[in-house]
4 protein chains.
Amino acid sequence: MTSYLHRVQYYETDAMGVVHHSNYIRWMEEVREVFLDEAGMPYAEMETSGLYSPVIAVSCRYRFPARFGDTVRIETALTEFGNVRFCYRYRMVDAASGKVLVTGESEHCFLNREGRPVSLKRKNPALYDKFAQLVEKEP
Amino acid sequence: MTSYLHRVQYYETDAMGVVHHSNYIRWMEEVREVFLDEAGMPYAEMETSGLYSPVIAVSCRYRFPARFGDTVRIETALTEFGNVRFCYRYRMVDAASGKVLVTGESEHCFLNREGRPVSLKRKNPALYDKFAQLVEKEP
Amino acid sequence: MTSYLHRVQYYETDAMGVVHHSNYIRWMEEVREVFLDEAGMPYAEMETSGLYSPVIAVSCRYRFPARFGDTVRIETALTEFGNVRFCYRYRMVDAASGKVLVTGESEHCFLNREGRPVSLKRKNPALYDKFAQLVEKEP
Amino acid sequence: MTSYLHRVQYYETDAMGVVHHSNYIRWMEEVREVFLDEAGMPYAEMETSGLYSPVIAVSCRYRFPARFGDTVRIETALTEFGNVRFCYRYRMVDAASGKVLVTGESEHCFLNREGRPVSLKRKNPALYDKFAQLVEKEP
């Protein structure tokens, strides 16, 4: 599991006085970057090498809102990894209280520069193996 | 069904040259506003009257990306409406080609100014009835 | 002068209950699109032809805030146009009351696909002439 | 001078492949938070005490773009502090190369919960003195 701390920014709040729900989707992206860094395959390098991994589905459940002044611990794990698609799950927790604020999942695929699906196993077997070893089944 | 046209803005795109996936979540919010306007109960007025309806869950499937220069037709319908929660579904279509780009769903509840759940039937029976009549079951 | 109506979105507000100040910078971009459309040279086409015009400076004065539920009339005019840089000014007005909310200016240049400065006069003299005729000096 | 490191997020980029210019305005806000923390008067606490400090003007010059994968060092200093308004200046530097990407300024005032101007000297003389001592004149 990868986790990192996100400090809530004022520009992330809305008139309800809490973080706008669309921003948690962006925080999922933030923690995926950290996950890929820790795995030694930063996303910026993947893109430079011609490998893109767009989000093809996302779901998110909002339990409690984060507010300006809060720090949120964002956790992720790779839950599935096949040759053409892979999935992460997420948990966002108020760092001070440990309260679970948000849970979610996302699904991704690999594309080349032209936007066509890529078989990672064929294009980059070493990267494929690395990813495959990082899968954590649901507890 | 409510539908409205959204012109893709440059600031909504990302380095992949397409609309960033988090923005479709924001477009869901845009079309909900239009839905509530058409139903004669603008959200700004609901909030002024002390009624809030946060998003408690969202899911989104990205089929094809929208790009800068595109106009997207965003459609929504209320699919469920109970006393404590209600759901919308969405379809986002490239206005020029009719291609379905994104589908999704969201779930909401009613809260008062203090953030506590509200029984709409008790608080505002007229609004409750109005909402209830707008439900469109899945085709 | 070009003007268009922007409806304030909930996701554009912040915890102060008003539009977050960064969004007015985005609205400047929105009205520039409309300006270029009306001039018959949509920005999407300019980019396809290999001509980019990034923002090189922006300034903005916030007089009164816009709120969710408001509609804002965003006005722009081209105030300077030289071979290497050009400027717009902006005025954002509450559509209901006519109150001036925000004023601002932006400065731009032309770049090619490689990010190098372009002499528009040489690259596209017809477009250069069109732009030059649209300049409105400060009143 | 206060400085902190911001990692460029993918959702901050646009179709030009660089950070969208509106985001630097948001980064100014991020570093102001850090400035206020270091000064021992976190903005969240100021708001809780009924003191708001909206942005009343901002200007920004974009010299070189930041890209996804970059880390940017954002520096700020308080340059003016009067009883009714105060100003910050900013410098954003590519952390790896030291190249200056963006410079800017912002102007702020103090408001109470009702949105009326506040004399900080009268409302909170201790905070006023603290702020006044933090002013760094332009070098």
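Please read all numbers here as calculations on a predicted model, not as lab measurements.

### Topic: the interface of chain A and chain C
Working step 1: Of the residues lining the interface, eight residues belong to chain A; the matching set on chain C comes to eight residues.
Working step 2: Contact between chain A and chain C buries roughly 760 Å² in total, counting both sides, with carbon and sulfur atoms accounting for 64%.
Working step 3: Considering only the surface of chain A that becomes buried against chain C, Tyr10(A), Ala15(A) and His20(A) emerge as the three largest contributors, covering 55% of it.
Working step 4: On inspection of chain A and its partner chain C, the count reaches zero salt bridges.
Working step 5: Linking chain A with chain C are six residue pairs in polar contact (both at pLDDT 80 or more), by the criterion used here.

### As for the pairing of strand β3 (residues 71-81) of chain D
Residue and element names in this part refer to chain D.
Working step 1: Of all 11 residues making up β3, eight are buried, and the element is well covered by its neighbours.
Working step 2: Here six bridges tie strand β1 (residues 2-7) to β3, and the two strands are oriented antiparallel to one another. Residue pairing in the sheet places leucine 5 in a bridge with arginine 73 of β3.
Working step 3: In this structure, β3 lies alongside strand β4 (residues 85-94), joined through nine bridges in antiparallel fashion. Bridge pairing in β4 places phenylalanine 81 opposite phenylalanine 86.

### Thoughts on the pattern of salt bridges
Working step 1: Summed over the entire model, instances satisfying the criterion amount to 24 salt bridges over all chains.
Working step 2: In this structure, Glu75(C) and Arg91(C) form a salt bridge, with 2.9 Å as the shortest nitrogen-oxygen distance. Placement of the pair is Glu75(C) in strand β3 (residues 71-81) and Arg91(C) in strand β4 (residues 85-94), with a sequence separation of 16 residues.
Working step 3: The class for Glu75(C) is buried, based on a relative accessible area of 7%.
Working step 4: For Arg91(C), a relative accessible area of 36% corresponds to the partly exposed category.
Working step 5: Note that Arg61(D) is salt-bridged to Glu107(C), the shortest N-O span being 3.0 Å. Highlighted residues: Arg61(D) in strand β2 (residues 55-62) and Glu107(C) in strand β5 (residues 100-109), drawn from two different chains.
Working step 6: You can call Arg61(D) partly exposed: its relative accessible area is 33%.
Working step 7: Look at Glu107(C) and you get buried, because its relative accessible area is 12%.

### Description of the relation of the copies chain B and chain A
Working step 1: Taken as rigid bodies, chain B and chain A are interconverted by a rotation of 180° and an axial shift of 0.0 Å, the fit giving an RMSD of 0.0 Å. Those values place the two copies in the arrangement expected of a two-fold rotation axis. Minimal C-alpha separation from the rotation axis in chain B is found for Ser59(B), amounting to 2.0 Å.
Working step 2: When the interface residues of chain B are mapped onto chain A, 100% of them are again interface residues, pointing to one common binding face.

Definitions and cut-offs
- Residues numbered from 1 in each chain as written.
- Chains lettered and ligands numbered in written order.
- Predicted model: local features only at pLDDT ≥ 70, side-chain atom pairs only at ≥ 80, totals over all residues.
- Heavy atoms only, no water.
- Contact = heavy atoms within 4.5 Å.
- Buried area = accessible area lost by both parts, 1.4 Å probe.
- Salt bridge = Lys/Arg side-chain N within 4 Å of Asp/Glu carboxyl O.
- Polar contact = N/O pair within 3.5 Å; in protein donor to acceptor, adjacent residues only side chain to side chain.
- Buried < 20%, exposed > 50% of the residue type's maximum accessible area, 1.4 Å probe, protein only.
- Helix = DSSP H or I, 4+ residues; strand = E, 2+ residues; numbered from the N terminus.
- Pairing = 2+ DSSP bridges.
- Least-squares fit on C-alpha atoms with pLDDT ≥ 70 in both.

Nothing here speaks to function; it is geometry throughout.
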